[in-house]
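# Topology and contacts: notes
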Amino acid sequence: MFERYLHQWTLVSDGDPIATTHAQLLPVRRGATPAMLKVTSADDERLGGRLMEWWEGEGAARVLARDHDAILLERAIGRASLSEMARSGRDDEATAILCDTAARLHAPRPKPRPAGLIPLARMFADLEPAAAAHGGILSRSLQTAEALLGDPRDETVLHGDLHHDNVLDFGARGWLAIDPKFVVGERTFDFANIFTNPDLADPAHPVATLPGRFEARLDQVGRHAKVERQRLLRWILAWAGLSAAWFLGDGDPLAKIDLTVAELAAAELDRGTAPLK
């Protein structure tokens with residue numbers, strides 16, 4: 001799988017292969033430059049590579065080479081981790097870094113957006129059948145999502161999966177995003193995934209669902225990202241419902257984390273913490 005690209009891009013293996021659900025990765029070097037070779041047959045991974053190329057290393061890892069099935073990225077060489085930061089009492093710092101990264105990705109570019117970006121509404125297509133099957137908070141998530149998607153605001157190119165393990169320490173280059181989706185939609189959506197993580201990667205060491213943490217993050221993201229609090233709560237409710245729907249479809253108990261966060265967002269909305277806009 002890797003040999004073709006090792007030869008094509010003049011690369012030398014620099015570590016053991018890494019397998020993910022949809023891709024195979026290999027640490028490599030191109031000359032003195034550490035890089036990561038990623039080979040995939042998944043369409044969403046390929047489209048994500050196109051988006052990273054469009055970002056040109058501003059807020060995201062730099063693309064060194066790309067073809068249809070493979071992408072060569074600069075490699076994260078720093079040792080810090082946003083997940084570990086959040087779990088070790090520095091969640092405010094991790095949240096600020098995620099907000100700063102989103103700001104860089106959302107910043108206007110002088111060139112046209114990539115053609116064929118997927119509307120955010122298409123991502124939410126799986127929520128309706130899940131709400132019909134399970135009801136409860138998923139029904140409210142669906143109603144909220146439909147209202148938000150019917151009244152889009154501040155649309156931009158999104159990362160689409162912005163969380164603690166998709167923003168890495170690139171040393172002197174700072175914190176940069178990897179593994180985006182190929183999505184366009186309301187800017188506030190990109191902050192919703194922060195509120196279910198890093199728990200989804202390691203449910204044995206919760207952060208997002210600790211008492212008071214949801215409210216603290218809500219205040220911080222609102223201030224730091226300059227997003228309207230009530231709108232953010234509604235996107236959290238919508239997103240957590242969608243994420244839960246995917247896990248429920250796979251019979252994965254991680255759905256419980258998303259459902260808990262959806263309930264937290266709904267409760268905060270019901271308390272009327274800010275005027276509805």
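Structure first, text after, so check above.
This report concerns the structure included in the present document. (Residues numbered from 1 in each chain as written. Predicted model: local features only at pLDDT ≥ 70, side-chain atom pairs only at ≥ 80, totals over all residues. Heavy atoms only, no water.)

## Regarding the side chain of His-159
Within the secondary structure, His-159 sits in the loop between strand S8 (155-158) and strand S9 (167-169). Of the polar contacts made by the side chain of His-159, one reaches the backbone nitrogen of Asp-161; its length is 3.0 Å. The contact partners of His-159, leaving out residues within four places of it in the chain, are Trp-55, Leu-105, Asn-166, Ala-177, Ile-178, Asp-179, Pro-180, Lys-181 and Asp-190. (Helix = DSSP H or I, 4+ residues; strand = E, 2+ residues; numbered from the N terminus. Polar contact = N/O pair within 3.5 Å; in protein donor to acceptor, adjacent residues only side chain to side chain. Contact = heavy atoms within 4.5 Å.)

## Focus on the nonpolar core
In this structure, Phe-124, Phe-191, Phe-195 and Ile-236 are the most contacted members of the largest nonpolar core, which totals 69 residues. Setting aside anything within four residues of it in sequence, one finds Phe-195 in contact with Ala-208, Phe-214, Arg-217, Leu-218, Val-221, Leu-232, Ile-236 and Val-261. Core analysis: the next-biggest nonpolar cluster, separate from the first, contains 13 residues, Leu-11, Leu-26, Val-39 and Ala-70 among them. (Core = buried A, V, L, I, M, F, W, Y, C linked by side-chain atoms within 4.5 Å. Buried < 20%, exposed > 50% of the residue type's maximum accessible area, 1.4 Å probe, protein only.)

## So, the packing of helix H6 (residues 127-134) against helix H7 (residues 137-149)
Put simply, H6 and H7 touch, their axes get as near as 8 Å, and they point 150° apart. Our classification of the angle between H6 and H7 gives roughly antiparallel. Crossing handedness for the pair H6 and H7: left-handed. The segment H6 lies against H7, with Leu-127, Glu-128, Ala-130, Ala-131 and His-134 engaging Leu-138, Ser-139, Ser-141, Leu-142 and Ala-145. (Axes fitted to C-alpha atoms, helices over the stretch in contact; angles between N-to-C directions. Parallel < 35°, antiparallel > 145°, perpendicular 65-115°, else oblique. Left-handed = near helix turned anticlockwise from the far one by under 90°.)

## Some points on the pattern of salt bridges
Under the counting rule described, the total for this entry stands at 27 salt bridges. Its salt-bridge partner being Glu-45, residue Lys-38 comes within 2.5 Å of it at the nearest N-O pair. Judged by relative accessible area, which is 9%, Lys-38 ranks as buried. Here Asp-92 ties to Arg-213 by a salt bridge, and the two come within 2.9 Å at their closest N and O atoms. In this pair, Asp-92 is assigned in helix H4 (residues 91-106) and Arg-213 in helix H8 (residues 213-225), connecting sequence segments 121 residues apart. Note on Asp-92: relative accessible area 42%, which makes it partly exposed. Taken together, the shared-partner salt bridges connect Asp-91, Asp-92, Arg-213 and Arg-217 into one network. (Salt bridge = Lys/Arg side-chain N within 4 Å of Asp/Glu carboxyl O.)

## Digging into the packing of aromatic side chains
For the coordinates displayed, the defined rule picks out seven aromatic pairs. On the numbers, 6.1 Å between centres and 50° between planes, the contact of Phe-124 with Trp-235 is tilted. Placement of the pair is Phe-124 in the loop between helix H5 (120-123) and H6 and Trp-235 in helix H9 (residues 229-249), with a sequence separation of 111 residues. As far as burial versus exposure is concerned, Phe-124 and Trp-235 are alike and both buried. (Phe/Tyr/Trp six-rings, centres within 6.5 Å; stacked < 30°, edge-to-face > 60°.)

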